[in-house]
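Topology and contacts: notes
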Amino acid sequence: MRHEDWRARRANSFGAAAPAYAEHRPDYPAAAVRWALEPLGEGPHRVLDLAAGTGKLTGVVLAEGHQVTAVEPDEEMLTELVRRHRNVRALPGSAERVPLPDDTVDAVLVGQAFHWFDAARALPEIARVLRPGGVLAALWNGDDHSVPWVAEFHRVGRSDADDRNSYGDWMPAHGLFGETAERVFAHSQRRTAESLVATVNTHSHMLVVDAAERARLNARMLDFLKRTPETAEGEFDLPLRTYVLRRCAGR
């Protein structure tokens, strides 16, 4: 299978796991959202949650008091978002074809998804819907591999489809936007051994492997967690890092 086709398969794999994604994926730190929107000054702001998935980022932005429009291409993910955030304006659409008029939002936030976009098409579309001086920010949650047990857990659970270096430049430069600012925020998620394995099963590299490999990896991960003192009994905090890239529209 060509690399482009493999990436497309992974990018389109989430819908079938939408309820599990909503249940098990972590949210985002409020501090990260505040920093992303900081150039706009006092709110509330009109925020587009682009590739919103099941609304993990939407919920945090709403709690901060902003007006949110959610756009998501996958019908099953969008249905789950609407079920959990009934008062949010939710629209089918993609980063490459945003279903909003020009200059209608103050910020575009993207949680755990910008690496799936066709950036050459998406960045002009994002600039189109942003008001002049508006903010684009992309956020990613990642496990904190500086913690030894977390790094070893990832080695144990690595699947044949897990190419961690396949995304290249996650948010390429573009003339319609200014310089990129970056911040990293500490975050965590309360998990058990079983729910952490369930979280990993919502990742694209696990969604696209066959059932036999998935079962083998799940057994390995659960065995590791049950043998590791930090995770063997009851609940524990999974250490996370939330990475944020922020740019302002230059027009």
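So, how was this worked out
Residues numbered from 1 in each chain as written. Predicted model: local features only at pLDDT ≥ 70, side-chain atom pairs only at ≥ 80, totals over all residues. Heavy atoms only, no water. Buried < 20%, exposed > 50% of the residue type's maximum accessible area, 1.4 Å probe, protein only. Helix = DSSP H or I, 4+ residues; strand = E, 2+ residues; numbered from the N terminus. Pairing = 2+ DSSP bridges. Right-handed = clockwise from strand over helix to strand, strands pointing away. Polar contact = N/O pair within 3.5 Å; in protein donor to acceptor, adjacent residues only side chain to side chain. Contact = heavy atoms within 4.5 Å. Axes fitted to C-alpha atoms, helices over the stretch in contact; angles between N-to-C directions. Phe/Tyr/Trp six-rings, centres within 6.5 Å; stacked < 30°, edge-to-face > 60°. Lys NZ or Arg CZ within 6 Å of the ring centre and 35° of its normal. Lys, Arg positive; Asp, Glu negative; His and termini not counted. Salt bridge = Lys/Arg side-chain N within 4 Å of Asp/Glu carboxyl O. Core = buried A, V, L, I, M, F, W, Y, C linked by side-chain atoms within 4.5 Å.

Further remarks concern the pairing of strand β2 (residues 67-72). Within β2, five of the six residues are buried, leaving the element largely enclosed by the surrounding structure. Relative to β2, strand β1 (residues 46-50) is paired through five bridges, and the arrangement is parallel. Residue Val47 lies in a different strand from β2, and its bridge partner there is Val68. Bridge analysis of β2 against strand β3 (residues 89-92) gives four bridges, and the strand direction is parallel. Each residue of the ladder has a partner; that of Glu72, found in β3, is Pro92. Handedness of the β2-helix α5 (residues 75-84)-β3 crossover: right-handed.

With that settled, consider the side chain of Arg246. Locating Arg246 in the fold gives a position in strand β7 (residues 236-248). Judged by its relative accessible area of 13%, Arg246 falls in the buried class. Here Trp35 takes part through its backbone oxygen, which lies 2.6 Å from a polar atom of the side chain of Arg246. Contacts of Arg246, omitting those with residues within four sequence positions, involve Trp35, Ala36, Glu38, Pro39, Val135, Leu136, Ala137, Met171, Glu179, Thr180 and Ala181.

Before going further, it helps to examine the sheet that holds β7. Strand order in the open sheet formed by seven strands is β3-β2-β1-β4-β5-β7-β6, and the pairing between neighbours is mixed. At either margin of the open sheet sits one strand with a lone partner, and together these are β3 and β6 (181-191). Here the strands of the sheet are splayed against their neighbours by 25 degrees on average, with no regard to which way each runs. Each of β2 and β3 touches α5; the most contacted strand, β3, lies at about 175 degrees to it.

For the coordinates displayed, the defined rule picks out five aromatic pairs. Measuring from centroid to centroid gives 5.7 Å for Trp149 and Phe236, while their planes differ by 90 degrees, and the two rings are edge-to-face. Here the residue Trp149 occupies a position in helix α7 (residues 148-156), and Phe236 occupies one in strand β7, the gap between them amounting to 87 residues. Looking at Trp149, the relative accessible area reads 9%, which means it is buried. Taking relative accessible area as the criterion, Phe236 reaches 5% and is therefore assigned buried. A cation over an aromatic ring shows up here: Arg246 above the ring of Trp35, its NZ or CZ 4.0 Å from the ring centre.

Before going further, it helps to examine the side chain of Arg191. Along the chain, Arg191 falls in strand β6. Glu23 is the oppositely charged side chain nearest to the buried, salt-bridge-free Arg191, at an N-O distance of 6.7 Å. Polar side-chain contacts of Arg191 include one of 3.2 Å to the side chain of His24. In this structure the side chain of Arg191 is engaged in a polar contact, spanning 3.0 Å, whose partner is the backbone oxygen of Ser195. Setting aside residues no more than four positions away along its own chain, Arg191 makes contact with Glu23, His24, Leu196, Thr199, Gly234, Glu235, Phe236 and Leu238.

Bringing the nonpolar core into the picture now. As a rule of thumb, soluble globular proteins bury nonpolar side chains together. Of all hydrophobic cores here, the largest spans 28 residues; its most connected members are Leu48, Leu50, Val108, Val110, Phe114, Phe117 and Leu136. Mapped by element, the contributors of at least two residues to this core are β1, β4 (105-111), α6 (119-129) and β5 (130-143). Counting residues per element, this core draws most heavily on α6, which supplies six residues. Ignoring sequence-local partners within four residues, the contact set of Val110 consists of Leu50, Leu57, Phe117, Leu136, Ala137, Ala138 and Leu139. In terms of nonpolar packing, the next biggest core, distinct from the first, is built from 23 residues, Trp35, Val68, Val88 and Val244 among them.

Geometric values such as these leave the question of function open.
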